[in-house]
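Here is how the chains run, residue by residue.
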Amino acid sequence: MDNETIYDCAIIGGGLAGLTLAIQLAKQDHKIILFEKEQYPFHKVCGEYISMESWDFLERLGLSLRNMNLPRINKLMVSAPGGAVLNEDLPLGGFGISRYKIDNDLKNIAKQEGVTILENCKAEEAVLVNDIFYIQTSSGKFKSRSCCGSFGKRSNLDIKWKRSFIHKANNKLNNYIGVKYHIQTSFADDSIALHNFKNGYCGISRIEDDKYCLCYLTNAANLKNSGNSIEQMEKNILGKNPFLKNIFENSSKLYSQPLSISQVSFQQKTQVENNILLVGDAAGMITPLCGNGMSMAMHGSKIAAGAVNDFLRGKINRKQMETFYTKEWNKTFGIRLRTGRIIQRFFGKIWMTNLFVRTMKLSPSITKWLIRQTHGERF
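What you see is a predicted model, and the numbers here were worked out from it, not measured in a lab.

Lay out the overall build of the chain with the relevant residues and their values.
Across its full length, the chain carries eleven helices and 17 strands. Considering only intrachain contacts with a sequence separation of at least 6, the fraction spanning at least 24 residues in the chain is 73%. With an accessible surface of roughly 16300 Å², the chain has 48% of that area assigned to carbon and sulfur atoms.

If you want it as structure tokens, here you go:
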């Protein structure tokens, strides 16, 4: 269909960044349309631990977290492939909730605020012509005064726009696969664990309804060397870590098949492409070893909402909006991303990971400093 309505902002992608951005702009009386290629509710490859820095923000948007009886997580466990273990408190901590639930709840809030949400709708191109964006989608063409992209880790638009990280040669930052399950198991409700193995790491923490999220990242070579069998990879590679071996042998998987994603990249990205403000993983993905990507996505949406609102109200022009957003985004997240990419290089080789964990056990002040880098301030 062709829609003659000119929206104030079109948002491509309905994950945490896109939905929270839509709600904020709608609350400021802007006419918003959001395109999501899936249909809610749906699962996503994600660790599903959210830092407490986001709690107040989500409550202000209308998500009643305090009434959900969600697990509060304030302890960290890190294991090395050889079995060495580091235990530490998380001063700020976080909470567990599935993307299946939180994304769907935020979608409902967005609709209540008047956001037009098109599900099962894939954006194919977005072009600015005479100060109006023309967005071509599988559901027709739409027009908008501004446009934001929150389409996740890798999309057809990244490839179409020939973004720089797409063309990087395979290295330790850009050739990952992610695998996720919901499981039933025996593990502390107040803890999140990060279990390392050869060329990867696996996180586990509790979410709602006495379920646990188990999500791991590893390089594509591990899967290839396992005959492209996830089951064989989990048995022969992840299972070398005694903690992971115990989890896989003594847990019940709640999915018939694991959820997976390929070609995950932690390379540096731009925050604006073709006059489109990018939020969430589209703007920059932080390594699980040093940050909370979900909180970063939502915080980024707050920065974007302020910039877009000022543009729509005529306080700044388009160029100023793009410059302000890029500057504020990097000021807020630049150090976290750089720290994450540095730490990422210490993991992968078994001997290096074993040494890193043992060293951290002997250096509690450094460990506490690194933990502070993984959690931002409340926003």
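Got a sec to walk through unusual backbone geometry? Specific residues and values, please.
For the peptide bond that leads from Y40 to P41, omega is -10°, which places it in the cis range. Topologically, P41 is positioned in the loop between β2 (32-35) and β3 (49-51). Phi is positive for N69, close to 55°, though the residue is something other than glycine. With respect to the element layout, N69 can be found in the loop between α2 (55-61) and β4 (72-79).

Go over the pairing of strand β8 (residues 132-137) with me, naming the residues and quoting the values.
Side chains on a regular strand alternate between the two faces of the sheet. As judged from the six bridges shared by strand β7 (residues 123-129) and β8, these two strands associate in the antiparallel manner. Within the sheet, the bridge partner assigned to V127 lies in β8 and is Y134. When β8 meets strand β9 (residues 140-149), the two strands line up antiparallel, connected through five bridges. Pairing of I135 across the sheet is with F142, part of β9.

Give a detailed account of the packing of aromatic side chains, specifying residues and quantitative values.
Applying the stated rule across the entire model yields eight aromatic pairs. Centre to centre, the rings of F151 and W161 are 5.9 Å apart; their planes meet at 70°, and the pair counts as edge-to-face. With F151 in the loop between β9 and α4 (156-160) and W161 in the loop between α4 and β10 (176-184), this residue pair connects regions lying ten residues apart in the sequence. The two residues F151 and W161 agree in class, both being buried. Considering the side-chain rings of F187 and Y212, the 6.4 Å spacing of their centres and the 75° angle between planes classify their relative orientation as edge-to-face. Pair noted here: F187 is in the loop between β10 and β11 (191-197) and Y212 is in strand β13 (residues 212-219), with a separation of 25 residues, a long-range link. Residue classification places F187 among the partly exposed residues on the basis of a relative accessible area of 21%.

How would you sum up the pattern of salt bridges? Please name residues and give values.
Applying the stated criterion across every chain, the model contains 17 salt bridges. Across the salt bridge formed by R66 and E59, the nearest N and O atoms sit 3.2 Å from each other. A salt bridge links D105 to K101; the shortest N-O distance between them is 3.1 Å. Placement of both D105 and K101 in helix α3 (residues 99-112) is noted, with a separation of four residues, approximately one turn of the helix.

Quick notes on the rules
- Residues numbered from 1 in each chain as written.
- Predicted model: local features only at pLDDT ≥ 70, side-chain atom pairs only at ≥ 80, totals over all residues.
- Heavy atoms only, no water.
- Helix = DSSP H or I, 4+ residues; strand = E, 2+ residues; numbered from the N terminus.
- Contact = heavy atoms within 4.5 Å.
- Areas by Shrake-Rupley, 256 points an atom, 1.4 Å probe, with all protein chains shown as cover.
- Pairing = 2+ DSSP bridges.
- Phe/Tyr/Trp six-rings, centres within 6.5 Å; stacked < 30°, edge-to-face > 60°.
- Buried < 20%, exposed > 50% of the residue type's maximum accessible area, 1.4 Å probe, protein only.
- Salt bridge = Lys/Arg side-chain N within 4 Å of Asp/Glu carboxyl O.

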